[in-house]
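# Architecture at a glance
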Amino acid sequence: MTKKGVFPFGTEQIIKNSIELLLVSVIRNFQTKKTPVADITLNVDNGLIVQKIISILTEKLNNSESVNLNEISYSLGFSKTYIKGQFKKKTGYSIIQYFINMKIDRAKKLLSDQKYTITEISDMLGFNTVFYFSRLFKKAFNMSFTDYIMDVRLKRCGELLKDSDLTVEKIMEECGFF
């Protein structure tokens, strides 16, 4: 490094420190950077990409996380456009729509259990609002939450009537009508 003039005291040291910090930062980012999954040979013909995406979506659903297509494409080592196209070709759904369908199916199970309120289920599944959740549910099943819960109760009552010697009052109680 050659000095080309008079600079304020410490300028040379500041430049050296800045370069050193930049190099340390580059090295750290290089060492901690996630690398695409290289040990999996993905064969488009047998749907391994789709299986891997569904696996990622299931993990995200179980952890109440949102879906980020950039993360998925990076972890698979393919472009976002490519994985979206392959997924749509194999499933008929976009990745996001498939994830929403997974969430709606999970909501159906949670509603059937009757342990949580609709608001709690909406929060658990990461829907922004209960209204949006309600709209998607109605679109998917052509019935409201109330109608669905009533349908579940009636089916349960029908099963109890067939397989039980219980009184009608006891069955109604078991089904949640009393």
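Structure: see above.
Counting restarts for each chain: residues are numbered from 1 in the order of the written sequence. Reporting in this predicted model follows two pLDDT cut-offs: at least 70 for local features of residues, and 80 or more for side-chain atom pairs to be given and counted; totals over whole chains, interfaces and linings ignore these cut-offs and use all residues. For the side-chain quantities, the full set of heavy atoms in the structure was used; hydrogens and water were omitted.

### Overview of the overall build of the protein chain
Here is the rule: Put simply, DSSP marks the helices as runs of H or I at least four residues long and the strands as runs of E at least two long, and each gets a number from the N terminus on. With a 1.4 Å probe rolled over the protein chains alone, any residue whose accessible area is under 20% of its type maximum counts as buried; one over 50% counts as exposed, and the rest are partly exposed. Working rule for contacts: check all heavy atoms of both residues, and any pair within 4.5 Å makes them a contact.
The helix and strand tally for the protein chain stands at 9 helices and 0 strands. Buried residues in the protein chain amount to 22% of all 178 residues. A sequence separation of at least 24 residues applies to 49% of the contacts in the protein chain between residues at least 6 apart.

### Focus on the packing of aromatic side chains
Basically, it comes down to this: Here a pair means two rings of Phe, Tyr or Trp (six-membered ring of Trp) with centres within 6.5 Å. Their orientation is stacked below 30 degrees between planes, edge-to-face above 60, and tilted elsewhere. Charges are assigned to positions over rings by a cutoff of 6 Å between ring centre and Lys NZ or Arg CZ, combined with an angular limit of 35 degrees from the ring normal.
Enumeration over the complete set of coordinates arrives at 10 aromatic pairs. A centroid spacing of 4.7 Å and a plane angle of 20° characterise the contact between phenylalanine 127 and phenylalanine 133, whose relative ring orientation is stacked. Judged by relative accessible area, which is 0%, phenylalanine 133 ranks as buried. Among the aromatic residues, ring-to-ring pairing joins Phe127, Tyr132, Phe133, Phe137, Phe141, Phe145 and Tyr148 into one connected group. Above the face of the phenylalanine 127 ring, lysine 103 is positioned so that its terminal group lies 4.4 Å from the ring centre.

### Considerations on a nonpolar patch on the surface
Using the following cut-off: To count toward a patch, a residue needs a relative accessible area over 30% and no salt bridge; like charges are then connected within 9 Å, while nonpolar side chains (Val, Leu, Ile, Met, Phe, Trp, Tyr) are connected within 5 Å. Per-residue accessibility takes into account occlusion by the displayed protein chains alone, with areas from the Shrake-Rupley method and a 1.4 Å probe. Only one rule defines a salt bridge in this text: a Lys or Arg side-chain nitrogen within 4 Å of an Asp or Glu carboxyl oxygen.
On the surface, a nonpolar cluster with roughly 270 Å² of combined accessible area is contributed by Ile15, Ile19 and Leu23. Along the chain, isoleucine 15 falls in helix α1 (residues 11-32).

### A look at the side chain of lysine 103
We count it as follows: Asp and Glu count as negative and Lys and Arg as positive, but His and the ends of the chain are not part of the count. As used in this structure description, the phrase polar contact means that two N or O atoms lie within 3.5 Å; if the pair is within protein, one of them must be able to donate a hydrogen and the other to accept it, and residues adjacent in sequence are counted only when both atoms belong to side chains.
As for its position among the elements, lysine 103 is in helix α5 (residues 95-113). Buried charge without a salt bridge: lysine 103, with aspartate 123 as the nearest opposite-charge side chain at an N-O distance of 11 Å. There is a polar contact of 3.1 Å between the side chain of lysine 103 and the backbone oxygen of leucine 125. Setting aside chain neighbours within four positions, we find lysine 103 in contact with Leu61, Leu125, Gly126 and Phe127.

### A short note on α5
Our working rule: In this scheme, a helix's expected span is set at 1.5 Å multiplied by one less than its residue total.
Here α5 is 19 residues long and its end C-alpha atoms lie 27 Å apart, about the 27 Å a rise of 1.5 Å per residue gives. Of all the residues in α5, the buried ones are Ile95, Phe99, Ile100, Met102, Lys103, Ile104, Ala107, Leu110 and Leu111. Where α5 is buried, its residues meet α2 (48-62), α3 (69-76), α4 (80-91), α6 (118-124), α7 (130-141) and α8 (145-163).

### A closer look at the pattern of salt bridges
Enumeration over the complete set of coordinates arrives at 3 salt bridges. In this structure, lysine 60 and glutamate 71 form a salt bridge, with 3.1 Å as the shortest nitrogen-oxygen distance. In this pair, lysine 60 is assigned in helix α2 and glutamate 71 in helix α3, connecting sequence segments 11 residues apart. Using a relative accessible area of 45% as the deciding quantity, one classes glutamate 71 as partly exposed. We note a salt bridge from lysine 155 to aspartate 151, for which the minimum N-O separation is 3.3 Å. Remark: aspartate 151 and lysine 155 occur in helix α8; sequence separation between them is 4 residues, near one turn of the helix.

### Side note on the nonpolar core
Generally speaking, a soluble globular protein has its nonpolar side chains buried in company with each other. Note the following rule: What makes a nonpolar core is a set of buried Ala, Val, Leu, Ile, Met, Phe, Trp, Tyr and Cys residues whose side-chain atoms join them at distances within 4.5 Å.
Membership of the largest hydrophobic core comes to 29 residues, with the highest contact counts inside it found for Ile53, Leu57, Ile72 and Ile95. Looking at this core, the elements with two or more residues in it are α2, α3, α4, α5, α7 and α8. Excluding residues that lie within four positions of it along the chain, isoleucine 95 makes contacts with Ile53, Leu57, Leu69, Ile72, Ile83, Lys84 and Phe87.

### Quick look at the environment of asparagine 62
Inspection of the secondary structure assignment puts asparagine 62 in helix α2. With a relative accessible area of 49%, asparagine 62 lands in the partly exposed category. On a C-alpha basis, the gap between asparagine 62 and methionine 124 in space is 9.7 Å, while along the polypeptide they are 62 residues apart. A distance of 2.9 Å separates the side chain of asparagine 62 from the side chain of arginine 106, its partner in a polar contact.

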